[in-house]
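Breakdown of the fold
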Amino acid sequence: MLIYLFQQGYYAQLLLVVLTLILSLTLHEFGHAAAAKIQGDLTAQRAGRLTLNPFAHLDWIGFLMVILVGIGYAKPVPTDPQYYRSRYSELWIAAAGPFMNFLIAVIVWNAYLIVIGSGGFSQQAFVFANTVAGINLLLMIFNLMPLGPLDGSYIFPYLLPKAIRRRYVLWNDRYGTWAFVGLIVAGFVGLPLGQWLLGISSWLLQKISFF
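Everything in this summary refers to the structure shown in the same document.

Basis of the calculations
Residues numbered from 1 in each chain as written. Predicted model: local features only at pLDDT ≥ 70, side-chain atom pairs only at ≥ 80, totals over all residues. Heavy atoms only, no water. Helix = DSSP H or I, 4+ residues; strand = E, 2+ residues; numbered from the N terminus. Rg over C-alpha atoms; globule rule 2.2 N^0.38 Å. Contact = heavy atoms within 4.5 Å. Areas by Shrake-Rupley, 256 points an atom, 1.4 Å probe, with all protein chains shown as cover. Lys, Arg positive; Asp, Glu negative; His and termini not counted. Charge placed at Lys NZ, Arg CZ, Asp CG, Glu CD. Axes fitted to C-alpha atoms, helices over the stretch in contact; angles between N-to-C directions. Parallel < 35°, antiparallel > 145°, perpendicular 65-115°, else oblique. Left-handed = near helix turned anticlockwise from the far one by under 90°. Nonpolar A, V, L, I, M, F, W, Y, C, P; charged D, E, K, R; others polar. Core = buried A, V, L, I, M, F, W, Y, C linked by side-chain atoms within 4.5 Å. Buried < 20%, exposed > 50% of the residue type's maximum accessible area, 1.4 Å probe, protein only. Patch = residues over 30% accessible without salt bridge, like charges linked within 9 Å, V, L, I, M, F, W, Y side chains within 5 Å. Salt bridge = Lys/Arg side-chain N within 4 Å of Asp/Glu carboxyl O. Phe/Tyr/Trp six-rings, centres within 6.5 Å; stacked < 30°, edge-to-face > 60°. Lys NZ or Arg CZ within 6 Å of the ring centre and 35° of its normal. Polar contact = N/O pair within 3.5 Å; in protein donor to acceptor, adjacent residues only side chain to side chain.

1. Overview of the overall build of the protein chain
- Scanning the protein chain from N- to C-terminus turns up 10 helices and 0 strands.
- Relative to the 2.2 N^0.38 estimate, which gives 17 Å for 211 residues, the radius of gyration of the protein chain is 18 Å and therefore close to what a compact globule would have.
- With the C-alpha coordinates aligned to their principal axes, the bounding extent of the protein chain is approximately 50 × 40 × 35 Å.
- Considering only contacts in the protein chain between residues 6 or more positions apart, those separated by 24 or more positions represent 67%.
- When the accessible surface of the protein chain is split by element, carbon and sulfur atoms take 68% of a total near 12,200 Å².
- Charged side chains of the protein chain number 12 positive and 7 negative; the gap between the two group centres comes to 8 Å.

2. Considerations on the packing of helix 2 (residues 11-38) against helix 7 (residues 123-143)
- For the pair helix 2 and helix 7, the least separation of the axes is 10 Å and the interaxial angle reads 45°. With respect to each other, helix 2 and helix 7 are oriented oblique. Crossing angle aside, the handedness with which helix 2 passes helix 7 is right-handed. On helix 7, the residues that touch Gln13, Leu16, Val17, Thr20, Leu21, Ser24, Leu25 and His28 of helix 2 are Val127, Phe128, Thr131, Val132, Ile135, Asn136, Leu139 and Asn143.
- Residue classes in the contact of helix 2 with helix 7 are distributed as 9 nonpolar, 7 polar and no charged.

3. Digging into the environment of Gly62
- By secondary structure assignment, the location of Gly62 is in helix 5 (residues 60-69).
- Between the alpha carbons of Gly62 and Tyr83 there is a distance of 29 Å; along the sequence they are 21 residues apart.
- If we ignore the near neighbours within four places in the chain, the residues touching Gly62 are Gly72 and Tyr73.

4. Examining the nonpolar core
- Core analysis: the biggest nonpolar cluster contains 26 residues, and Trp109, Leu137, Phe142, Phe180, Leu205 and Ile208 have the highest contact counts within it.
- Elements with a contribution of two residues or more to this core: helix 6 (89-117), helix 7, helix 9 (162-188) and helix 10 (193-207).
- Looking at this core, the element that brings in the most residues is helix 6, giving 8 residues.
- Not counting chain neighbours up to four residues away, the residues in contact with Leu205 comprise Trp109, Asn130, Ala133 and Leu137.
- The next biggest cluster of nonpolar side chains, apart from the first, holds 13 residues, and it includes Val18, Phe63, Val66 and Leu139.

5. Regarding a nonpolar patch on the surface
- Residues Val181, Val185, Phe188 and Val189 make up a contiguous nonpolar surface patch of about 390 Å² in total accessible area.
- With a relative accessible area of 67%, Val189 lands in the exposed category.

6. Focus: the packing of aromatic side chains
- What the rule picks out here adds up to 9 aromatic pairs.
- Each ring, one from Phe156 and one from Tyr168, has its centre 5.1 Å from the other, and the planes form 80°; the classification is edge-to-face. Residue Phe156 is located in the loop between helix 8 (152-155) and helix 9, and its partner Tyr168 is located in helix 9; the two are separated by 12 residues in the primary sequence.
- In this structure Tyr168 comes out as buried when scored by relative accessible area, which is 10%.
- Joined through ring pairs, the aromatic side chains of Phe55, Trp60 and Phe63 make up one cluster.
- Geometry around Tyr158 places Arg165 over its ring, the cationic atom sitting 5.8 Å from the centre.

7. Looking at the side chain of Ser24
- Along the polypeptide, Ser24 turns up in helix 2.
- Sequence-distant contacts of Ser24, defined by excluding residues within four places in its chain, comprise Asn101, Ile104, Asn136 and Leu139.

8. Details of the packing of helix 2 against helix 6
- Viewed as axis vectors pointing N to C, helix 2 and helix 6 meet at an angle of 140°, and their least axial separation amounts to 7 Å. Taken as axis vectors, helix 2 and helix 6 run oblique relative to one another. Between helix 2 and helix 6 the crossing geometry is right-handed. Counted together, Ser24, Leu27, His28, Phe30, Gly31, His32, Ala35 and Ala36 of helix 2 and Trp92, Ile93, Ala94, Ala96, Gly97, Pro98, Met100, Asn101 and Ile104 of helix 6 form the full contact between these two elements.

9. Quick word on the side chain of His57
- Tracing the sequence through the fold places His57 in helix 4 (residues 54-57).
- You can call His57 buried: its relative accessible area is 0%.
- Reaching out from His57, the side chain makes a polar contact with the backbone oxygen of Thr51 at a distance of 2.7 Å.
- Look past the residues within four positions of His57 in its chain and what remains in contact with it is Thr26, Glu29, Phe30, Arg49, Thr51, Ala74 and Lys75.

Structure representation (structure tokens):
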């Protein structure tokens, strides 16, 4: 997507997407760090991750991958389960990142709807709101996939019965990352993964329209 914007000369939109990705990834990781502190684990704070400074969170190789191939990663937030306050701490910490992306999408998109409802519509405002909300919904959906190291792999076990939960955790530890990589490769050779994610994102955008 970013390469396409560059090739077509859409430099303003390219800059918007890049800045949105930086902000969104930063807030995503900050959400994990803040939730970890709330749950009693100060590991991320001591590592300098309880900050809104993008340089503390961005992995530049992972960010370059986002630019070149549309999929990448930020630095994982370090945690130490021995400090968790409850057996659900891992769940809340994992969910905090995608929730931050969801919150950004809700705020930006509904602020836009309020503006156009008061007669303040402009094409630039639509492009801004649609880009910011859409990217954040995509990040949320992508990270909720229950494979490999993604946040969803830490959330999904809490939705399963105990016996199945243990089997899933063992399976994901052994094969989850390979399954995730295989899914991404399949997307490049024809599986319409990107179209599915965009479709879900568009559907969610309608569901979070409160005005």
